[in-house]
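# Examining the three-dimensional arrangement
Next come the chains, spelled out residue by residue.
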Amino acid sequence: MVASSVLGFPRIGANREVKKAVEAYWAGKISAEDLTKAAADVKKTSWQSIKERGVDFVPSGEFSLYDHVLDHSAAFNVIPKRYVGHGLSPIDVYFAMGRGRQADGVDVPASEMKKWFDSNYHFVVPEVSDDTEFKLNFNKAVEEYQEAKAAGVTTRPVVLGPVSFLVLSKAAKGAQAGFQPISLLHKLLPVYKTLLADLKAAGAEWVQIDEPVLVLDSAAALEKEFATAYETLEPVSPKILLATYFSRLDSNVEFVAKLPIAGLHIDLDRAPGQLEDVLNAIKPTNIILSLGVVSGRNIWKTDFAAAIKLGQQAIEALGADRVIIATSSSLLHTPVTLASENKLTAEQKDWFSFALEKCAEVATIAAALSGSQDAAVAAALEANKVSITKRREFESTSDDTVRKRVAAITPDQLERKSPFAVRKDIQAKHLNLPKFPTTTIGSFPQTKEIRQARAKLGKGELTPEQYDEFIKKEIESVVRFQEKIGLDLLVHGEPERNDMVQYFGEQLSGFVFTQNAWVQSYGSRYVRPPIIVSDVSRPGPMTVRWSSYAQSVTKKPMKGMLTGPVTILNWSFPRADVSRELQSKQLALALRDEVIDLEKAGISAIQVDEPAIREGLPLRRSDWDAYLKWAVDSFKLSTAGVTDQLQTHSHFCYSDFDDIFPSIQRLDADVISIEASKADMKLLTTFKQYGYSNQIGPGVYDIHSPRVPGDQEIKDRLKAMLDILPDSLLFVNPDCGLKTRGWKETEASLANLVAAAQWARQTYA
């Protein structure tokens, strides 16, 4: 009998109930008890919904109010000292670690965030040192297992594995030089033993232990640590399913197959080619194999025939009792359900499968592989066959004009007319910016009034003309504010934009959009990714109108704002039938036209954001070169069609650039801005090491937190930056866009930023 399994589920609620409750708690509108109740309702609904769809292994313990890695840090007492001793409740300490806190005499910044492997989900980085005292503050896995059981659902608890937890951690400030978090494994394992023994005592038969670092090249050096960990944990634990995802095990499967585990999960959506090697490695063992054949990262309906073929291959090698059909990863990265989508056409809706639908898919595939004679299973198989056939027919059509234009791209189209050293002088004369020029990353607060106006336009309660007048007033207000506080290179604030990807997708051909397909990015920040369904092109200008208007109301230079091709691709649900390279270059050509039109309209600086370029890097180094070639070429194709006096900017999110720095240099942007305020200057040392010669704006304060940095704090950051970077190259800007912040904190923070830049001009004259 082939079982079915889901590795994790969206924790946001079908109607974003968790976001609303968390933000209400932050605002002081509900109590901690109310927040707990709201979370409990969402968890119960999720567990019961998964069970109702016939899934055998229902996950628990992976729910989070902010971030599952932060949950582990709080549970294991990995709480930096700066958050201790303020009289805060445990839940407020937890949120302070995630987003900072500046209230009631407490002023602490947020912890560092990084991208969760190659996804757009952000996790809060644990900070450890030899002084870290691991202990179990609470056992969330047991609590939620019991909570689910009380709701009538027996679950398989999910725990982030000890090796991955430490590998994803960073050395805390004050740690000894050369300290490696993995050296603390011997101190951490007793806490895991307690957690798992308690789970077993509570009645859990299985536990899913996620060790996603096993798909990284670096895991090959951790064979001893994995052996130590699982030889220590197995005797006290429920049966262990070791879960890997997002890429392939490669040679790591050789030592994984020797671990004392009862089950192994592999991702066959991202890496179907690994199946044969894994089967050969585990066949002599008793390990059960969980096949991730239903995508946890995309929204296309699963091709049952292809999935069943993979399942049959595993059954032939291992037997049906040693095979589980599963999602490839947690469904955290997909929307909750298609049921609430009323504006997609019937044809479009038939293409897709969201989290709840994916639960039904794993159950159906498992039943089919088990030889089920159920009429409902037969009907589902036939309906899937019809759906996939129709989708393939649609995919076979293409836009010849777009395809021919991509095929005709030449190397000359990727290069600016002159090298940066020449462009820099031309731009300096044209823009006339002071030393340490100040700017922002693009967006300003999206107020309640802006959201209401957008909603009224959608409902027909505002005419397009009335809405346009509203947007003009918002833009002029943002421009006047920037002039008042003394910013040098202005932006229009983006009040007309709902999202930095969706806004462009809505003006490009080849996309479709949803009403409620929300996905968590970090904390209470959710996004609604557009879906690329066909070839992409630009019917007409997308941003020229509003950028031109903003420039018309000020004498200061205005920066046009675009989202780059790689980021639009990575932050959308992409097509699965053509390469990411083709999709990226189609987007690049559309954006190239927009950049050229913006310059013609009188815009002197244009920012083409690529916060996701590092995020999209494949997890296996052998796959890097091909990706970096087309990703960098796509950015250059977008930006190289302008004159030397046009200053190109780009922005990057929290990333480790050490290994890909030559590619960052090859982008040849005139100015890059990077999220750096929580990275302890390590990132800038990399830029110095490689001799980066273009201009750079490391973020001087964290915009993911409502906390207002003092001007001395920003001065100290500038001092540290100037110890590393030449003063002639430094821009002064926040970490990221200000869309999610309130106006009060934005005004105070930017005033302090400008004051610090003015101090720097005097000090480093």
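Residues numbered from 1 in each chain as written. Predicted model: local features only at pLDDT ≥ 70, side-chain atom pairs only at ≥ 80, totals over all residues. Heavy atoms only, no water.

### Topic: the overall build of the chain
Our working definition: For the purposes of this entry, the term helix denotes a DSSP run of H or I that reaches at least four residues, the term strand denotes a run of E that reaches at least two, and both are numbered from the N terminus. As a reference, a globule follows 2.2 Å times the number of residues to the power 0.38, and the radius of gyration itself is taken over C-alpha atoms. Note on classification: 1.4 Å probe, protein chains only; a residue is buried when its accessible area is under 20% of the maximum for its type, exposed when over 50%, partly exposed between these limits. Between two residues, a contact is recorded if the distance between any of their heavy atoms is within 4.5 Å. Calculation of accessible area relied on Shrake-Rupley with a 1.4 Å probe; when residues are assessed, cover is drawn exclusively from the protein chains displayed. Positive charges come from Lys and Arg, negative ones from Asp and Glu, while His and the chain ends are left out of the count. Lysine's charge is taken at NZ, arginine's at CZ, aspartate's at CG and glutamate's at CD.
Secondary structure summary: the chain contains 27 helices and 23 strands in total. For the chain, the C-alpha radius of gyration of 26 Å lies close to 27 Å, the compact-globule estimate for 765 residues. With respect to the principal axes defined by its C-alpha atoms, the chain has extents near 75 × 60 × 50 Å. Looking at the 765 residues of the chain, the share that counts as buried comes to 61%. Residue pairs in contact within the chain that sit at least 24 positions apart in sequence constitute 79% of those at least 6 positions apart. Carbon and sulfur atoms form 51% of the exposed surface of the chain, whose accessible area is close to 28900 Å². Between the mean site of the 90 positive side-chain charges and the mean site of the 97 negative ones, the chain shows a separation of 3 Å.

### A closer look at the packing of helix α5 (residues 140-150) against helix α7 (residues 185-201)
Quick reminder of the rule: Each axis is a line fitted through C-alpha atoms, and for a helix only the stretch in contact is used; angles between axes span 0 to 180 degrees, taken between their N-to-C directions. Angular relationships are summarised with four words: roughly parallel below 35 degrees, roughly antiparallel beyond 145, roughly perpendicular across 65 to 115, and oblique for the angles in between. In this scheme, a crossing is called left-handed if the near helix is turned counterclockwise away from the far one by less than a right angle; it is called right-handed if the turn is clockwise.
Where α5 meets α7, the closest approach of the two axes is 9 Å, and the angle between their N-to-C directions is 20°. By the criterion of interaxial angle, the relationship of α5 to α7 is roughly parallel. In terms of crossing hand, the pair formed by α5 and α7 is right-handed. On the side of α5, the interface is formed by Ala141, Val142 and Tyr145, while α7 contributes Leu195, Asp198 and Leu199.

### Some points on the side chain of Thr132
What counts here: Whenever two N or O atoms come within 3.5 Å, that pair is a polar contact, provided that in protein one can donate a hydrogen and the other can accept it, and provided that, for residues adjacent in sequence, both atoms are side-chain atoms.
Note that Thr132 resides in the loop between β7 (127-128) and α5. Only 2.9 Å separates the side chain of Thr132 from the backbone nitrogen of Ser129, close enough to count as a polar contact. If near-sequence neighbours (up to four positions away) are discounted, Thr132 is found in contact with Val78, Glu127 and Lys187.

### Topic: the packing of aromatic side chains
As a reminder, the rule being used: Ring pairs shown here join Phe, Tyr and Trp side chains whose ring centres sit within 6.5 Å, with only the six-membered ring taken for Trp; geometry is labelled stacked below 30 degrees between planes, edge-to-face above 60, and tilted in between. In this scheme, Lys NZ or Arg CZ marks a charge over a ring once it lies within 6 Å of the ring centre and within 35 degrees of the ring normal.
Tallied over the full model, the rule gives 26 aromatic pairs. With centroids separated by 4.8 Å and ring planes inclined at 70°, the aromatic side chains of Tyr245 and Phe246 adopt a geometry described as edge-to-face. Looking at Tyr245, the relative accessible area reads 5%, which means it is buried. Ring plane angle 75° and centroid distance 6.1 Å describe the contact between Phe444 and Phe481, whose orientation is recorded as edge-to-face. Note that Phe444 is positioned in the loop between α16 (420-431) and α17 (448-459) and Phe481 in helix α18 (residues 464-485), a separation of 37 residues in sequence. A network of ring pairs unites the aromatic residues Tyr25, Trp26, Tyr66, Tyr94 and Phe95 as a single cluster. Here the guanidinium or amino end of Arg297 rests over the ring plane of Phe246, the centre of that ring lying 4.7 Å away.

### What to know about the UniProt feature "binding site: Zn(2+)" (unreviewed entry) in the chain
We apply this condition: UniProt positions are given in the numbering used here, feature names are shortened, and annotations may be inferred rather than shown by experiment.
Mapped onto the present numbering, the UniProt feature "binding site: Zn(2+)" (unreviewed entry) falls on His651, Cys653, Glu675 and Cys736. Across 86 residues in sequence, these annotated residues keep their C-alpha atoms within 8.2 Å of one another, forming a single compact spot. Positionally, Glu675 belongs in the loop between β22 (671-674) and α25 (682-689). In this fold, Cys736 is placed in the loop between α26 (711-722) and α27 (743-763). What Cys736 contacts, discounting residues up to four positions off in sequence, is Ile441, His651, Glu675, Ile703 and His704.

### Observations regarding α7
What counts, and what does not: Helices are assigned an expected span. That span is 1.5 Å times one less than the residue count.
Taking 1.5 Å of rise per residue, 17 residues should cover 24 Å, and α7 covers 24 Å from first to last C-alpha, within 8% of that figure. After α7 finishes, the residue Gly203 shows a positive phi value of roughly 110°.

### Focus: the sheet that holds strand β10 (residues 206-210)
Inclusion rule: Pairs of strands are assigned from DSSP output, requiring at least two bridges between the strands.
In spatial order, the strands read β1-β14-β13-β12-β11-β10-β8-β2; together these eight strands make up an open sheet with parallel pairing. Looking at which strands have only one partner, the edges of the open sheet turn out to be β1 (3-5) and β2 (58-60). Across the sheet, the mean angle separating the axes of adjacent strands is 30° when strand polarity is ignored. Pairing of β2 with strand β8 (residues 155-160) involves three bridges; the strand directions are parallel. Note on β8: the bridge partner recorded for Val58 is Thr155. Where helix α2 (residues 32-52) meets the sheet, its contacts fall on β2 and β8, and the angle it forms with β2 comes to roughly 165°. α7 contacts β8 and β10 of the sheet and is inclined by roughly 175° relative to β8.

### With respect to the pattern of salt bridges
Quick reminder of the rule: A side-chain nitrogen of Lys or Arg and a carboxyl oxygen of Asp or Glu constitute a salt bridge if their distance falls within 4 Å.
Enumeration over the complete set of coordinates arrives at 47 salt bridges. With a closest N to O distance of 3.0 Å, Asp250 and Arg248 form a salt bridge. Relative accessible area serves as the criterion here: at 35%, Asp250 is assigned to the partly exposed category. Arg405 is the partner of Asp593 in a salt bridge, and the nearest nitrogen-oxygen pair spans 2.8 Å. Highlighted residues: Asp593 in helix α22 (residues 580-600) and Arg405 in helix α15 (residues 400-407), separated in sequence by 188 residues. On the basis of relative accessibility, which here comes to 21%, the residue Asp593 falls in the partly exposed class. Residue Arg405 is classed as partly exposed on the basis of its relative accessible area of 36%. In the salt-bridge network here, residues are joined through shared partners; they are Lys43, Asp71, Lys140, Glu144 and Glu147.

### Side note on a negative patch on the surface
Applicable threshold: A residue counts toward a patch only above 30% relative accessible area and without a salt bridge, and it is joined to like-charged neighbours within 9 Å or, for Val, Leu, Ile, Met, Phe, Trp and Tyr, to nonpolar neighbours within 5 Å.
Side chains of Glu223, Glu254, Glu276 and Asp277 sit close together on the surface and give a patch of like negative charge. Of note, Glu254 is situated in helix α9 (residues 253-256). Note on Glu254: relative accessible area 56%, which makes it exposed.

### Overview of the nonpolar core
Put simply, the test is: Nonpolar cores were defined as sets of buried Ala, Val, Leu, Ile, Met, Phe, Trp, Tyr and Cys residues, with membership established by side-chain atoms within 4.5 Å.
The biggest cluster of nonpolar side chains holds 126 residues, and the ones touching the most others in it are Phe76, Trp116, Tyr230, Leu264 and Leu289. The biggest single contributor to this core is α7, with eight residues. Not counting residues up to four positions away in its chain, the partners in contact with Leu289 are Leu264, Ile266, Leu275, Val278, Leu279, Ile282, Leu318, Arg322, Val323 and Ile324. Core analysis: the next-biggest nonpolar cluster, separate from the first, contains 89 residues, Leu508, Phe511, Trp624 and Ala757 among them.

### Remarks on the packing of α18 against helix α20 (residues 544-552)
The condition that has to hold: The residue classification treats Ala, Val, Leu, Ile, Met, Phe, Trp, Tyr, Cys and Pro as nonpolar and Asp, Glu, Lys and Arg as charged. All others, Gly included, are polar.
The geometry of α18 relative to α20 is characterised by a closest axis approach of 10 Å and an angle of 45° between their N-to-C directions. Here α18 is positioned oblique relative to α20, judged by the angle of their axes. As α18 runs across α20, the sense of the crossing is right-handed. Of the residues in α20, those in contact with Asp468, Ile471, Lys472, Ile475, Glu476 and Val479 of α18 are Arg545, Trp546, Tyr549 and Ala550. Of the residues that constitute the contact of α18 with α20, the class distribution is six nonpolar, no polar and four charged.

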